[in-house]
Amino acid sequence: MKYDQRIKLSLLYIVFILLMSNHVSAAEISLSITPEKIYPGRLVIITMSTMYSLEKIQGDVEGHTLYFNKIETTNTYQAFWPIDLEDHLGRRTVKITTTLKDTRTLHYSADFDVVDKEYGRRDLEFEKTYDQKTLNRINSEKDKVTHVLEKVSQKKLWEGSFIKPVEGPMSGEFGKKTFVQGEERSPHAGIDFAAPVGAKIQATNDGIVAFTDEDFYFEGKIILIDHGQGLFSIYVHLSKISVTKGQKIKKGDIIGEVGQTGRAAGAHLHFATKLFNKRISPEDILSLVSYEVPNV
Ligand SMILES: [Zn+2]
């Protein structure tokens, strides 16, 4: 399934490049926003191409800064924008300002719409209420993670495509509404991979270990990796953590082992991705194709 998605995405991309190259000479700057259907939980890819060499490129969505990365040897720039799993629907505006080498400044803007999606539901049998001590613990753990996720490292640390963190089939989908004994809770903000206790977990891409904890109430043993520019990957319910905070990680490095610590119904890896602390589908991250300039 993953492979098909990749092919589809790269084809879409090549078509887009062709369209752009016809377009660029007329418009000077061309902007594309993908995927075609944008709903809560999706990663939006903003690609800007120009016939000129740029001195500078800046952009924002609703006042929030975008991080544009130049695609090697081209005059194409790309930025990611997250739509949180429970973000509001409706229109967003992307604004971009470019400064050319000859100091001319060009402004560009484009709109996209966030539409609704039905993700389905899951029912869990966990405790429905917590005593004050447990509640305090849960809130303090949440605060610790939020604090880490809100720190944006300016430098891009990831390279190329992202890899699946563990061998094993997907056993829990992203986005499902979650009910605990009939009461609605936060939706499932990651994907679950079924794998036995002790299965090795790989870093999905290069980065720095931003946080680890051995005993979170829900998550058990948890690792957060900072991939730079606001992008993080999160690994939950581990039986073993093999890295320490501040450690530099390369894609594929073993960071720990699968477990069922915290509140987990069985052994699995819960894998989540966040950009600017917004919950986005790990499948969108895993199906990103590293940018290649087609031979046309
Ligand atoms: Zn999960």
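Every chain begins its residue count from 1, and numbering advances along the sequence as written. Local features are withheld for residues below a pLDDT of 70 in this predicted model, meaning they are given only at 70 or higher, and side-chain atom pairs are given and counted only at 80 or more; totals for whole chains, interfaces and linings count all residues.

### Topic: the overall build of the protein chain
Per the convention used, a helix needs a DSSP run of H or I reaching at least four residues, while a strand needs a run of E reaching at least two, with both numbered from the N terminus. In terms of regular secondary structure, the protein chain is built from three helices and 22 strands. Buried residues are those with 20 or more other C-beta atoms within 10 Å of their own C-beta, exposed residues have 12 or fewer, and partly exposed residues lie in between; C-beta atoms are placed from the backbone. Taking all 296 residues of the protein chain together, the buried fraction comes to 32%. We call two residues in contact if the C-beta atoms placed from their backbones are at most 7 Å apart. Across the protein chain, contacts joining residues at least 24 apart in sequence account for 68% of those joining residues at least 6 apart.

### A closer look at the sheet that holds strand 9 (residues 121-124)
Two strands qualify as a pair provided DSSP detects at least 2 bridges between them. In space, the three strands of this open sheet follow the order 9-11-12, with mixed pairing throughout. Unpaired on one side and paired on the other, strand 9 and strand 12 (183-185) mark the two borders of the sheet. Each adjacent strand pair in this sheet contributes to an overall mean axis angle of 35 degrees, direction not counted. Bridging between strand 9 and strand 11 (residues 177-180) involves four bridges; their strand directions are parallel. Within the sheet, the bridge partner assigned to Asp 123 lies in strand 11 and is Phe 179. To get an axis, fit a line to the C-alpha atoms, keeping to the stretch in contact for a helix; angles then go from 0 to 180 degrees between the N-to-C directions.

### What about the sheet that holds strand 18 (residues 240-241)?
Strand order in the open sheet made by the three strands is 14-20-18, with antiparallel pairing throughout. Of all strands in the sheet, those bounded by a partner on one side alone are strand 14 (200-202) and strand 18. Summarising the sheet, strand 14 and strand 20 (residues 254-257) pair through three bridges and their orientation is antiparallel. The residue bridging Lys 200 from the neighbouring strand is Glu 257, located in strand 20.

### Remarks on the environment of Lys 56
Take Lys 56: it is sitting in strand 3 (residues 54-61). Given 11 C-beta atoms within a 10 Å radius, Lys 56 is considered exposed. Counting along the chain gives 41 residues from Lys 56 to Thr 97, while the straight-line C-alpha distance between them is 8.2 Å. With residues near it in sequence (within four places) discarded, Lys 56 still touches Thr 98 and Thr 99.

### Details of the confidence of the model for the protein chain
pLDDT gives the predictor's per-residue confidence on a scale running from 0 to 100. Averaged over all residues, the pLDDT of the protein chain equals 88, while 89% of them reach at least 70. Across residues 1-26, confidence stays below pLDDT 50; counting only partners more than four residues off in sequence or on other chains, it has 24 contacts. Per-residue pLDDT stays below 50 along residues 292-296; that stretch engages in six contacts with residues further than four places along the chain or on separate chains.

### Some thoughts on the nonpolar core
One nonpolar core equals one set of buried Ala, Val, Leu, Ile, Met, Phe, Trp, Tyr and Cys residues connected by C-beta atoms within 7 Å. Of all hydrophobic cores here, the largest spans 52 residues; its most connected members are Ile 223, Leu 224, Ile 225, Tyr 235 and Leu 269. For this core, the element with the most residues is strand 17 (residues 231-238), which contributes six residues. Residue ranges labeled as domains rest on an automatic or database domain assignment. Residue assignment places this core across two domains, with domain 1 (2-117) and domain 2 (121-284) each supplying three or more.

### Describing the environment of Asp 192
Tracing the sequence through the fold places Asp 192 in strand 13 (residues 191-194). Looking at Asp 192, the number of C-beta atoms within 10 Å reads 22, which means it is buried. Once residues lying within four places of it in the same chain are set aside, the contact partners of Asp 192 are Met 170, Ser 171, Gly 172, His 268, Leu 269 and His 270.

### Focus: unusual backbone geometry
A cis amide bond links Thr 34 to the next residue, Pro 35, at an omega of 0 degrees. Structurally, Pro 35 is set in the loop between strand 1 (29-34) and strand 2 (43-50). Positioned with a positive phi, Thr 103 is a non-glycine residue whose angle comes to about 70 degrees. Note that Thr 103 resides in the loop between strand 7 (90-100) and strand 8 (105-114).

### Describing the pairing of strand 15 (residues 207-216)
Of the pairings in the sheet, the one linking strand 15 to strand 19 (residues 248-249) comprises two bridges and is antiparallel in character. Considered in strand 19, the bridge of Gly 207 is made with Ile 249. The sheet contact formed by strand 15 and strand 16 (residues 220-228) spans six bridges and is antiparallel. If you follow Ile 208 over to strand 16, its bridge partner there is Asp 226.

### Observations regarding the environment of Phe 271
With respect to the helices and strands, Phe 271 occurs in strand 21 (residues 268-275). Taking C-alpha positions, Phe 271 is 6.2 Å from Asp 192, a pair spaced 79 residues apart along the chain. Not counting chain neighbours up to four residues away, the residues in contact with Phe 271 comprise Pro 165, Gly 190, Ile 191, Phe 193, Tyr 235 and Pro 282.

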